[in-house]
Structure formats: structure tokens, C-alpha cells
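Structural description and commentary
If you want the building blocks of each chain, they are given just below.
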Amino acid sequence: MERLEEYALKNNVPIMQKDGINFLCDYIKKHKVKKILELGTAIGYSAINMAKIDSSIKITTIERNSDMYKIALENIKNYQVDKQIDIIFKDAKEVDLKDKYDLIFIDAAKAQYISFFEKFKKNLNDDGVIISDNLDFHGTLLLDEDKLTKGLKGIVKKLKAYIKFLKENPEFETKFYKIGDGISVSKRRLK
Ligand code: SAH
Ligand code: MG
């Protein structure tokens, strides 16, 4: 896994931080998660880590960038988890899935988290969980917005809106963790 971590560092690929991926994998083990949907494959680092937990785990992961997609395909072969991982080369906005998943991991374009959540919640099992990454966005949410570049300001605004959306969501209850780059865990409220 170190080879992938080095590659990501060199090429500025925003893979999960070490304690973030550990948190995610621990959750999967503890709750015996078997079927996972991931938005944002990048080089396949998080998907490979999750697949390596147990050979009974199946992952569908979506990536829109062709370079990332190609590298991820190669990596999942090299790590011998290509039978467990399906990569869909498409923009997640245009993907419609029928299957239900135990866990949906949102780690794609930060500005679209609300629409991803709304779009894919129908694919979540009743007792499933939606986990989102990068809610702290490298600490930028704590900075004075006027000090940020225009692009960053936009993302920070969207992430703040997502956090508010989660906090006020009538259907899902969310816990926030200051782990890695900020992680949330959302479950359906009991009726
Ligand atoms: N989960 C990976 C890191 C993902 S980085 C890991 O931890 O190893 C985010 C990735 O999401 C990037 O590769 C980017 O190309 C992809 N992405 C961003 N928006 C997307 C979208 N709308 N649909 C599909 N992929 C998207
Ligand atoms: Mg991330």
C-alpha cells in the first residue's frame, strides 16, 4: 500500500489520510459491511484497502477522470482485488444504480455532496450508512472566508451547506468525527 501512498503524494492525488482509511476499515469490520458503493475512485487506494479486509466484500466505485480510471484499473489488478471491485467510468451524476448497498462512501467533488447524498440514498439498505470524507477540507472551513481564493471559497460554502444539511436532516442522523480530513457517518433515523 506504501507504493500507492507515495504515488498519490508525488502526483497530488487526494487519497484518504491514514487515520481516515483506518476509521473506515474499522467501521467495515465492526459492522460486517459487505456491499459498498464509493463515489470517487482516484487511483483505487481506498477501494483496495476496503476490499483487502475480506474477500467477501464487493465494491462498486465511480470515477469520471480517465487517467485516474486507467490507473485504478491497473492497481486493482496488481493488488488482486479486481474480482471484488467494479469501476464505473462515468460522472457520478449520470450513474443510476438499482442495487442496494450497506455503505455508501462519498469522496468525490466536494461541491456536489448534497446532490450525491440525495441521489444515492435510494441505493442504501435500510440499516445502511453513508460516510463522507473531507468535511474539514484541510482546515479551510475554520478560516476567514475573505482570505480564501474564489474557488476555495465556493467549495467551503458548499461543504458548510452540506454539514448544515446533515445536521438538519429529518431522515438521517449524522455523527461527525475529527478524524483524517473530517468524516461524517449518517444513518437513517429509527421510525
Ligand atoms: N477515494 C479515493 C480518493 C478520491 S479523490 C481514495 O481515498 O483513495 C476524488 C476523486 O473523485 C477524483 O479522482 C475525481 O476525479 C473524482 N470525482 C470528482 N467528482 C466526480 C464525479 N462527479 N463523478 C465521478 N468521479 C468524480
Ligand atoms: Mg477524500
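Scroll up to find the structure this text is about.
No experiment lies behind these values; they were computed from the predicted model shown.

1. Points about the coordination of the magnesium ion (ligand 2)
- The protein atoms that coordinate the magnesium ion (ligand 2) are Asp107 (OD), Asp133 (OD) and Asn134 (OD1), at distances of 2.1 Å.
- Within one chain, the residues serving as donors to the magnesium ion (ligand 2) are arranged as D-x25-D-N. On the criterion of sequence distance, the pair formed by aspartate 107 in the loop between β4 (101–106) and α5 (113–120) and asparagine 134 in the loop between β5 (124–133) and α6 (150–167) is long-range, its members being 27 residues apart.
- Relative accessible area serves as the criterion here: at 8%, asparagine 134 is assigned to the buried category.

2. Re the pairing of β5
- The element β5 is extensively covered by neighbouring structure, given that seven of its 10 residues are classed as buried.
- Two strands pair when backbone bridges link them, and β4 and β5 are joined in this way by five bridges, in the parallel orientation. Note on β5: the bridge partner recorded for leucine 103 is valine 129.
- With respect to chirality, the unit in which β4 leads through α5 into the neighbouring parallel β5 is right-handed.

3. Observations regarding the site of ligand 1
- Surveying the vicinity of ligand 1 reveals 22 residues, the closest of which are Met16, Gly40, Glu63, Ala92 and Asp107.
- Between a nitrogen atom of ligand 1 and a side-chain N or O atom of serine 46, the distance comes to 2.9 Å.
- In the model, a nitrogen atom of ligand 1 is placed 3.2 Å from a nitrogen or oxygen of the arginine 64 main chain.
- Burial of ligand 1 by the protein amounts to 93% of the accessible area it has alone, namely 580 Å².
- Using a 2 Å cut-off from the grid points, one finds that ligand 1 occupies the largest pocket.
- Sorting the residues of the shell around ligand 1 by element identifies α3 (45–51) and β2 (58–63) as the ones contributing at least two each.
- When the residues that make up the shell around ligand 1 are grouped by side-chain class, the tally is 11 nonpolar, five polar and six charged.

Thresholds, definitions, all that
Residues numbered from 1 in each chain as written. Chains lettered and ligands numbered in written order. Predicted model: local features only at pLDDT ≥ 70, side-chain atom pairs only at ≥ 80, totals over all residues. Heavy atoms only, no water. Donors = N, O, S within 2.8 Å, 3.2 Å for Na, K, Ca; no water. Helix = DSSP H or I, 4+ residues; strand = E, 2+ residues; numbered from the N terminus. Buried < 20%, exposed > 50% of the residue type's maximum accessible area, 1.4 Å probe, protein only. Pairing = 2+ DSSP bridges. Right-handed = clockwise from strand over helix to strand, strands pointing away. Near = heavy atom within 4 Å. Polar contact = N/O pair within 3.5 Å; in protein donor to acceptor, adjacent residues only side chain to side chain. Areas by Shrake-Rupley, 256 points an atom, 1.4 Å probe, with all protein chains shown as cover. 1 Å grid on protein atoms, 1.4 Å probe; cavity = no way out; pocket = protein on both sides within 12 Å on 5 of 7 lines; lining within 4 Å. Sits in = over half its atoms within 2 Å of the grid points. Nonpolar A, V, L, I, M, F, W, Y, C, P; charged D, E, K, R; others polar.

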